[in-house]
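# Structural features, examined
Residue-level listing of the chains:
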Amino acid sequence: MSKIETIRELKQTGSYNYAVGPYSKPIAEIEPGEIFKVYTEDAFESQITKTTDVPSEILNMPYLNPMTGPFYIKGAEKGDTIVVEIIDIQPTRDFAVSALIKDFGGLTGTDVTALLNESLPEKVWVYPIQDGKVWYNDKIGIPYKPFYGSIATAPEIEQIAALAPGNYGGNMDCPDVCVGNKLWLPVNVEGAYFYVGDAHANQGDGELCGVALEHTAVGTFRIELIKGKKVAWPRVESKDEIMVIGSARPMEDAARIAYKELILWMEEDYGFDPIEAYQLLTQVGKLHVGNMVDTQYSLVAKCSKEYLIR
């Protein structure tokens, strides 16, 4: 008989983390190659569950996007890279929620996009999850395509809010961080300090109102360790594409980061001359918006693997 591998199921001990950094005590140690499950809360720590809820009266801003972790990755040292394989994501409740939150979103004034207009009215939507779909109403079913909006390793010095994306990952809100794909993240401190949370049942490009289909979930992961190689920005690999996620404001700088780092990946691992990769991506590259609402905007640059043959 073949050996049955035991999969550890890991839940947060104590309070969730609303920031990522190297200062929280790890809740578990992970061996490279080990398969494990992680339970995650939704962006509101399940405080919003009804259409009658009023976010400004319930939420303790800016404590959003509770992260499970950190997890200490054995053998990981500064200058390494971890590769996070997302094996599965399953909902742990039968509904997702979305909301309009005061002074937050892509089409309203915020603290960094200062406008004199009145805030949009607060509103909560509750969507049933059933038969592989998230039901907007009795006619419109949105496919259940879960991913993690926030996933990160610790920055070296900073403790950064879970709402912020950066070169360590964070709240990128990119649907490409999904089942079947692998996310490459830099190791900045011993043990990497891996965090995950903010599962979405689906999301349109940009997460327009700032709140996707938020739900609680359990994710199944395998983390591999690449010694002596550090990526500058998060990379994603699917069966058919390689991608880089850049986060910055203005949005065009996020695009520049993503495409530049994609060119460097094509040079390092696929033997391209950088100028030739620049030209090729001008013709076949793809670019889409992960988020247009967070402290930094996140854009994803992609290249199909069919063009990587040299």
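The structure this text deals with has already been given above.
Criteria and cut-off values
- Residues numbered from 1 in each chain as written.
- Predicted model: local features only at pLDDT ≥ 70, side-chain atom pairs only at ≥ 80, totals over all residues.
- Heavy atoms only, no water.
- Helix = DSSP H or I, 4+ residues; strand = E, 2+ residues; numbered from the N terminus.
- Rg over C-alpha atoms; globule rule 2.2 N^0.38 Å.
- Buried < 20%, exposed > 50% of the residue type's maximum accessible area, 1.4 Å probe, protein only.
- Contact = heavy atoms within 4.5 Å.
- Areas by Shrake-Rupley, 256 points an atom, 1.4 Å probe, with all protein chains shown as cover.
- Lys, Arg positive; Asp, Glu negative; His and termini not counted.
- Charge placed at Lys NZ, Arg CZ, Asp CG, Glu CD.
- Core = buried A, V, L, I, M, F, W, Y, C linked by side-chain atoms within 4.5 Å.

We now examine the overall build of the protein. When you go through the protein residue by residue, the secondary structure sums to three helices and 21 strands. The globule rule puts the C-alpha radius of gyration for 310 residues at 19 Å, and the 19 Å found for the protein is close to it. A burial count over the protein gives 51% of its 310 residues as buried. When contacts within the protein are restricted to residue pairs at least 6 apart in sequence, long-range pairs at least 24 apart make up 79% of them. Accessible area for the protein stands at about 14500 Å²; split by element, carbon and sulfur atoms hold 52% of it. Positive and negative side-chain charges of the protein, numbering 28 and 44 respectively, have mean locations separated by a distance of 4 Å.

Here we take up unusual backbone geometry. Here the amide bond leading from G69 into P70 is cis, since omega sits at 0°, within 30 degrees of zero. Looking at the secondary structure, you find P70 in strand β5 (residues 67-73). For the peptide bond that leads from R249 to P250, omega is 0°, which places it in the cis range. When you line up the elements, P250 lands in the loop between β19 (241-248) and α2 (251-270). Positive phi is not limited to glycine here, since D173 has a value of about 55°. Look at D198: it is not a glycine, yet its phi comes out positive at around 60°. For D198, the position within the fold is in strand β16 (residues 194-200).

Let us look at the nonpolar core. In summary, soluble globular proteins display a tendency toward joint burial of nonpolar side chains. Membership of the largest hydrophobic core comes to 38 residues, with the highest contact counts inside it found for I73, I82, V84, V134, I151, F194 and F221. Element by element, the count of residues in this core is highest for strand β6 (residues 81-91), at four residues. Aside from chain neighbours lying at most four places away, what touches F221 is E34, I35, F36, V38, V84, E85, I86, I87, Y148, I151 and V196. Judged by nonpolar contacts, the second largest core, of 17 residues, contains A258, M266, L281 and A301.

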